[in-house]
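Listed below, chain by chain, are the residues.
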Amino acid sequence: MSIYLDKNSKVFVQGITGSEGSYHTGRMLAYGTKIVGGVTPGKGGQKTTHGLPVFNTVKECIEATGATHQCIFVPPAGAGDALLEAYEAGVRFSVCITEGVPVHDMLKVAGTTPGMRIIGPNCPGLVSPGQSLVGIMPGHVFKEGNVGLISRSGTLTYEVVDGLTRAGLGQSTCVGIGGDPIIGTTFVDCLREFAKDPQTKALVLCGEIGGSDEEEAAAFIKQHLSHMPIVAFIGGRNAPPGKSLGHAGAIISGSFGTPQSKVSAFQAAGVPVADRPSQIPELLKERMAARV
Amino acid sequence: MSIYLDKNSKVFVQGITGSEGSYHTGRMLAYGTKIVGGVTPGKGGQKTTHGLPVFNTVKECIEATGATHQCIFVPPAGAGDALLEAYEAGVRFSVCITEGVPVHDMLKVAGTTPGMRIIGPNCPGLVSPGQSLVGIMPGHVFKEGNVGLISRSGTLTYEVVDGLTRAGLGQSTCVGIGGDPIIGTTFVDCLREFAKDPQTKALVLCGEIGGSDEEEAAAFIKQHLSHMPIVAFIGGRNAPPGKSLGHAGAIISGSFGTPQSKVSAFQAAGVPVADRPSQIPELLKERMAARV
Amino acid sequence: MNLMEYQGKELFRRCGIPVPRSQHCKTPDDVAAFIEKNPGKWVVKAQVLMGGRGKAGKIKFATNAQEGRTVAREIMATPMPPNRQNPKGEAINSLLVEETVEIEKEAYCAITVDRATKKPSVIVTRFGGMDVEEVHEQHPESFKYHFVDTAIGYWPFVGRGLAFGAELDNGYRKQFPAIVAGMYDLFFRYGAKLVEINPLVLTKDGRVVAADAKIEIDDDGLFRHPEFKEWQAVLPLDEDEKLASEAGLGIRNFRRFGGTVGTMANGAGLAMGTMDAVKNAGGEIANFLDVGGGADAQRVRNCYELVVNHTAAKVLFINIFGGITRGDEVAKGIVTAMKETTSRKIPLVIRLTGTNEVEGRRILAEAGMTPVETMDEGAKRAVELAAGA
Amino acid sequence: MNLMEYQGKELFRRCGIPVPRSQHCKTPDDVAAFIEKNPGKWVVKAQVLMGGRGKAGKIKFATNAQEGRTVAREIMATPMPPNRQNPKGEAINSLLVEETVEIEKEAYCAITVDRATKKPSVIVTRFGGMDVEEVHEQHPESFKYHFVDTAIGYWPFVGRGLAFGAELDNGYRKQFPAIVAGMYDLFFRYGAKLVEINPLVLTKDGRVVAADAKIEIDDDGLFRHPEFKEWQAVLPLDEDEKLASEAGLGIRNFRRFGGTVGTMANGAGLAMGTMDAVKNAGGEIANFLDVGGGADAQRVRNCYELVVNHTAAKVLFINIFGGITRGDEVAKGIVTAMKETTSRKIPLVIRLTGTNEVEGRRILAEAGMTPVETMDEGAKRAVELAAGA
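Predicted model, so just to flag it, every value in this text is computed and none were measured.

Trainee: So what exactly am I meant to see when it comes to helix α8 (residues 239–246) of chain D here?
Mentor: Residues lying three or four places apart along an α-helix face the same way, a consequence of the helix completing one turn every 3.6 residues. Residues and elements named next belong to chain D. Residues of α8 that are buried include every one of Asp240, Glu241, Leu243 and Ala244, and no others. Taken down its axis, α8 places every buried residue within 165° of arc, on the same side. Residues of α8 that are buried sit in contact with β12 (254–256) and α10 (297–310). Looking at the residues trailing α8, positive phi occurs at Gly248, about 80°.

Trainee: Could you clarify how one ought to interpret the interface of chain A and chain D in this entry?
Mentor: Where interface size is quoted, it is often the accessible area lost as the parts come together. Chain A puts 65 residues into the contact, and the matching count from chain D is 66 residues. At the boundary of chain A with chain D, total buried surface from both sides reaches about 5300 Å², with 58% on carbon and sulfur atoms. Between Arg224(D) and Asp105(A) there is a salt bridge whose closest N-O contact spans 2.8 Å. Those elements that provide at least two residues to the side of chain A that touches chain D are α1 (19–31), α4 (103–112), α5 (155–166), β12 (230–235) and α8 (247–253) of chain A. Considering every element that reaches the side of chain A that touches chain D, the biggest residue donor is α4(A), with 8 residues.

Trainee: What exactly am I supposed to notice about the pattern of salt bridges here?
Mentor: Once their charged atoms are close, side chains differing in charge can pair, the charge on each being opposite to the other. Taken as a whole, this structure holds 76 salt bridges over all chains when the rule is applied. Two residues, Arg362(C) and Glu366(C), come together in a salt bridge whose shortest N-O distance is 2.3 Å. Of this pair, Arg362(C) and Glu366(C) are both found in helix α12 (residues 357–366), 4 residues apart, which corresponds to roughly one turn of the helix. Using a relative accessible area of 39% as the deciding quantity, one classes Arg362(C) as partly exposed. By relative accessible area, which is 61% here, Glu366(C) ends up exposed. In this structure, the salt-bridge partner of Asp212(D) is Arg53(D), at a minimum N-O distance of 3.4 Å. Here the residue Asp212(D) occupies a position in the loop between β10 (208–210) and β11 (214–217), and Arg53(D) occupies one in the loop between β3 (42–46) and β4 (59–62), the gap between them amounting to 159 residues. Its relative accessible area of 11% is what places Arg53(D) among the buried residues. When salt bridges that share partners are traced, they join Glu5(C), Lys9(C), Lys45(C), Arg53(C), Glu98(C) and Asp212(C) into one network.

Trainee: What's the story with the environment of Lys279(D) in this structure? I'm lost.
Mentor: Within the secondary structure, Lys279(D) sits in helix α9 (residues 268–280). In this structure the C-alpha to C-alpha distance between Lys279(D) and Lys380(D), which are 101 residues apart in sequence, comes to 9.7 Å.

Trainee: Would you mind going over the interface of chain C and chain B with me for this structure?
Mentor: On the chain B side, the residues contacting the 66 residues of chain C number 65 residues. Across the chain C/chain B interface, buried area totals approximately 5300 Å², and carbon plus sulfur atoms make up 58% of it. Residues Glu159(B) and Arg351(C) are paired through a salt bridge, measuring 2.5 Å at the closest nitrogen-oxygen approach. Our count for the chain C to chain B interface comes out at 14 residue pairs in polar contact (both at pLDDT 80 or more). Residue contributions to the side of chain C that touches chain B peak at 8 residues, all from helix α9 (residues 268–280) of chain C. Its residues assigned to classes, the side of chain C that touches chain B comprises 25 nonpolar, 17 polar and 24 charged.

Trainee: How should I be thinking about the pairing of strand β3 (residues 42–46) of chain C in this particular structure?
Mentor: If a strand is regular, its side chains alternate between the two faces of the sheet. Residues and elements named next belong to chain C. With 5 of 5 residues buried, β3 lies mostly within the body of the structure. Neither face of β3 is open: one carries Trp42, Val44 and Ala46, the other Val43 and Lys45, and all of them are buried. Where β3 lies against strand β5 (residues 95–99), 5 bridges are found, and the strand directions are antiparallel. Counterpart to Val43 in the pairing with β5 is Glu98. Pairing of β3 with strand β4 (residues 59–62), which is carried by 4 bridges, proceeds in the antiparallel orientation. Counted as the bridge partner of Val44 is Lys60 from β4.

Trainee: Where do I start with empty space enclosed by the protein in this structure?
Mentor: To find the voids left in a structure, one rolls a probe of water-molecule size over its atoms. Across all of its chains, the model carries 2 cavities of 30 Å³ or more by this definition. As a volume, the largest cavity reaches approximately 50 Å³. In terms of lining residues, the largest cavity is bounded by Arg152(B), Gly178(B), Asp180(B), Pro181(B), Ile183(B), Thr186(B), Asp213(B), Arg115(C) and Lys118(C). Of the residues contributing to the lining of the largest cavity, the split by class is 2 nonpolar, 2 polar and 5 charged. Put simply, the second largest cavity is a space of about 40 Å³. In terms of lining residues, the second largest cavity is bounded by Asp180(A), Pro181(A), Ile183(A), Thr186(A), Asp213(A), Arg115(D) and Lys118(D). When its residues are assigned to classes, the lining of the second largest cavity shows 2 nonpolar, 1 polar and 4 charged.

Trainee: Mind showing me how you'd approach a negative patch on the surface here?
Mentor: Where like charges cluster on the molecular surface, the negative patch consists of Asp131(C), Glu133(C), Glu134(C) and Glu137(C). Mapped onto the elements of the fold, Asp131(C) is located in the loop between β7 (119–125) and α4 (132–138).

Trainee: For this particular structure, what's the right way to read the packing of aromatic side chains?
Mentor: Aromatic ring pairs are reported here in terms of the distance separating the ring centres and the angle at which the planes meet. For the coordinates displayed, the defined rule picks out 20 aromatic pairs over all chains. For the pair Tyr4(A) and Phe93(A), a centre-to-centre distance of 5.5 Å together with 45° between the ring planes defines the contact as tilted. Placement of Tyr4(A) in the segment before β1 (10–14) and of Phe93(A) in strand β5 (residues 93–96) is noted, with a sequence separation of 89 residues between them. Across the pair, exposure class does not vary: Tyr4(A) and Phe93(A) are buried alike. Here the aromatic rings of Tyr145(D) and Phe147(D) are separated by 6.3 Å at their centres, their planes lie at 15°, and the arrangement is stacked. For Tyr145(D), a relative accessible area of 31% corresponds to the partly exposed category. Three or more aromatic residues link up through ring pairs in this structure, and these residues are Tyr154(C), Tyr184(C), Phe187(C) and Phe188(C). The ring of Tyr23(B) has Arg326(C) sitting right over it, with the charged end atom 3.5 Å from the ring centre.

Parameters at a glance
- Per chain, residues are indexed from 1 in the order of the written sequence.
- Just so you know, chain letters begin at A and ligand numbers begin at 1, following the order they were written in.
- In view of the model being predicted, local features appear only for residues whose pLDDT reaches at least 70, and side-chain atom pairs are presented and counted only at 80 or more, with totals across whole chains, interfaces and linings using the full set of residues.
- As a rule here, side-chain values cover all heavy atoms of the structure and leave hydrogens and water aside.
- Burial classes: relative accessible area under 20% of the type maximum marks a residue as buried, over 50% as exposed, and values in between as partly exposed (1.4 Å probe, protein chains only).
- A run of H or I in DSSP counts as a helix once it spans at least four residues, and a run of E counts as a strand once it spans at least two, with each numbered from the N terminus.
- By arc we mean the arc of the directions from the helix axis to the C-beta atoms, nothing more.
- Residue contacts are defined here by distance: any two heavy atoms, one from each residue, within 4.5 Å place the two residues in contact.
- Throughout, the accessible surface (probe 1.4 Å) given up by two parts as they are put together, summed over both, is called the buried area.
- Criterion for a salt bridge: a side-chain nitrogen of Lys or Arg within 4 Å of a carboxyl oxygen of Asp or Glu.
- Each polar contact in these results corresponds to two N or O atoms within 3.5 Å; when the atoms are within protein, one needs to be able to donate a hydrogen and the other to accept it, and residues that are neighboring in sequence are counted only if both atoms are side-chain atoms.
- When residues are sorted by character, Ala, Val, Leu, Ile, Met, Phe, Trp, Tyr, Cys and Pro go into the nonpolar class, Asp, Glu, Lys and Arg into the charged class, and all the rest, Gly among them, into the polar class.
- Two strands form a pair only when DSSP identifies at least two bridges running between them.
- Think of a 1 Å grid over the protein atoms and nothing else: a 1.4 Å probe that fits but is trapped marks a cavity, an open set flanked by protein within 12 Å on at least five of seven lines marks a pocket, and residues with an atom within 4 Å of a point count as lining.
- Grid points are joined across faces, edges and corners, and a volume is the space filled by probe spheres set on the points.
- Distance thresholds for patches are 9 Å for like charges and 5 Å for nonpolar side chains (Val, Leu, Ile, Met, Phe, Trp, Tyr), applied to residues having over 30% relative accessible area and no salt bridge.
- The method behind every accessible area is Shrake-Rupley, applied with a 1.4 Å probe, and residues are considered shielded solely by the protein chains displayed.
- Neither His nor the chain ends is counted toward charge; the positive residues are Lys and Arg and the negative residues Asp and Glu.
- The location of each charge is read from NZ of Lys, CZ of Arg, CG of Asp or CD of Glu.
- Here a pair means two rings of Phe, Tyr or Trp (six-membered ring of Trp) with centres within 6.5 Å. Their orientation is stacked below 30 degrees between planes, edge-to-face above 60, and tilted elsewhere.
- Only lysine NZ and arginine CZ atoms are considered, and such an atom sits over a ring when it is within 6 Å of the ring centre and within 35 degrees of the ring normal.

Printed below as a string of structure tokens:
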């Protein structure tokens, strides 16, 4: 097993004839992902360079192909529209790669798509190694195994996975949830799934400064996953202080999202926090050994 | 039993200190309705002339009183707001008496309050005779019994009920659903409830020209309620042709809502259509006798 | 409240819906002066609420100032021809002078309120430029609908899906979603019950423009739009609407039918039922009149005088079943109105029941009026009186 | 994009949020001329993005033209005092001359994006007119929140409930829901991430007005608002933002720290991780630099020159883990950039892996560059080179 995605998941690509969409469709196919078609309005009836059917609308696409999983490569102005088109057509799993989606589009989408699992936006997608890859991650760094991974960062995720794989720690599913202010899937959402997945025996969480997702994840772990070996990492502990996002936001979240508050939260949940990505494999092995 | 409303339903009134709200609260109390309080922003902490507590917000009101049923007497501009305030506070049954609510407010309300039963707007409310009356209906014309009644009209409903009562036909619940373009509860919604109500042994439907609610009700009856004695009446068969509501609306509904299309639909469902309100009791008695 | 074409197109402009360049003119001289300054091919269109302008010869072309003045005079010379709802036709008080567009294709698009789904409905067909009822008879399968989820609102995929589904010419595709977005914006921003573009023209040079505009604003939402007051003032009312308005009633609360039995009731449903009862009793109806909720003396007097002075009624059947309306107040209203009115007297048949009926009947009795018991009885009595009078 | 007070208040006006009468002025003479024509009690406020204007003496009062000119000169004479983020302070290029209001009460109201609930959050406290962080420390219980369901949108009951909940003075109650409606309208219409009024003043004559305006617009939504271009042009960028912008990067993609190890990586997460690695290896970071997704030769060259010419870097650690970024393209970019740049040369430490890494490494090898294997190794080498250089 794995979460969200397995070898039978039928995937379609929105924006399949664009340069990024087309390129990454090829790479996903090469990985073994079951891509069954794509959508580009106005190019319905054509075939992609990979020989996949192109449709004008999501509705036509899923009716013809039976696809259930969507991957979005459309420009920022169209990403919210693509998500809602898919939602109204009945799609309930969507990965939005697009960077720069207006936050208000995501506010609207998040508030009006109950029951839809959205990964991202501004994320690298997810991989269930050996089964399926949806997104833009470099497939060759992954290896099938028992470690689940959740990460807010894109490129840093690859770094961490690379380290796990080199250390012989394969993965069940790796989810890049994205770093935008409003994302469809949080740490806790993923933790709930991993908690139900028999393949997953250990977890790695890659957080970042800002927001309070890590604190919430730590609280969830403390309550529901204290039996599982888990290691965390917080990126950006030497990051520049950005321009203030406004006092109001910080006050609301009840947290200024400092690295320290996140580290403390994880430690309080019994989760060690690695100082650098390269420490993660050994820390995880220690935890796994301790439980056996 | 009865539908929607019984002697235990705890009711609060929004706009309770306004002249209409206050007057009809008194009449409802006199009927025996369990009114437990009301809302008028800015008058929280006061008591009404009937000695009921007044609150600033719906949330405070239902927390303090345990009320579950709402009755709205606020001006048209505030009716949508009152419905949504109640919805967010957790109220799931609301009767909106207000006439002249902008149709766009109701479009928004109808689309965003899943699970809430709204009667109206622009309706006289409902009565479960002998138990509870919510709205502006004249209580003395009703009598407890086994006939369920659904009506799009206000004053015409009283006419029909008066006739039933004089003929010895008491009622289980009488619902005035209102005649606005967008209403919370349709004939079919009520039929579904009556179908489940053991007290209700017969039904009267008072329709009007326009729209296609009656046609849908007839189709529902044909499929689910063919065992029940039912009589219909269509008001306005000599009504003036109003200014056109636009071709588009008529085309969509698939029906111009003529009296004839409604009469035919009911007849096709085996439901006799009375020529005038005064015929309803005898027609209903005939149907009831035929089934026994 | 229905808007005229030039008003509708003004709202289109505000909402980003492309329309041909145009000028609203009140006189033939204005038309001539405008064309003088703006040479080109222009179309001059009567600004009226009634349909069928083309067939009535109220849309004409002009290529120079003199021609513009001539066609404008021709158009304004006679009112729109009468129909059942407008037995006197409709006077033409202004014109829209509009750039002519080279038509490649004509489509139809509307947004309206769908009662059954309780949602705004977007309707498209590739057959535009003709009467939509005709299209519906000839090409019913050409209509495509989308019921918009008001929680989600309008997003471009809706327009895109409709353009594909209705098989609009490919030239429409890119501009269509934004045009529907503008229509939806207008629909909500101004509280419209109908926003209709017929035809939505694809021009030979690849633009998509709204060549006509039909908009109905929800009267109940007008209080949020004081900016419409000015337009409201210039909109033509038919005779019945004018009379209703002068009597302080809603413009839809009164309508005449030419018979001899006047009616007056509280609530549209009962008012219609009262007419049905008169018909059933063999009488000819003089009018429909819904006196509304709070029927005080002034209101009752106005309604009485409206019927007496403006219909052929020989008797007035007043039918009140009190709910929100209180019987005692109506009774007081009737008594005072009959005392104060300076119009001629016709016999009243009064039926008064419902809320506070006992007190109401007492007040009437003290004034020497005896109400009847039921609606049917009242209708019968009224018909007899009308026949005997 | 943060707006200045006068810009924010212009949006307030468009959205129906009451603000005091005011005039935006660019010179002391403009101030004097305006007060000359409009006698009264005026307050003159520096228009800057930095906070703390009052404490810095950049808000002054004037009751006649001469006084207006004098205080305007005083305010504009020196920039805002520097702080950590703005080490040079901020120049004062314009002023807002505003009607003084008689303050009865001051409250605080804001709408912002709440990450946890994924909803717009309306925040109110009855303690306005002071630093909101201070209020949060002293009166944390005074804050009341409402998370708006975006499907339902803002309705007056939200504002009403907050006014009662936050125990705003009774004078606020009637006007408050409409003011929050205006803020919510602004929030969505212009794609704001923050709309803040502090203080929201209840005046002695019973009006409620926004005495200040703080608005942050979502940069990702700016493409929908070409009308902001003009304002964007006059907004001050700090030095780092200016440099990033000139190099064709997003204004948040570059920041300097004064150390000797330059960094450049693809993706903010990896860029932060790269800095962490340098720190862990005992080095001092020269800069943060996220090269972004598509790193072509021109982009790489710009980034290289940005680090070489504007930081104290003695070495540049380039750390690329390809995903959407393709290793071969970055490699080509690095080779071409180093060939073409006219700036001085500093040693590069390159780590290149991920998508198309084999091809990328080949390209680097052909140009005589040998990439390191891991991030830690690269950081170590870079720190050594910086120390040895």
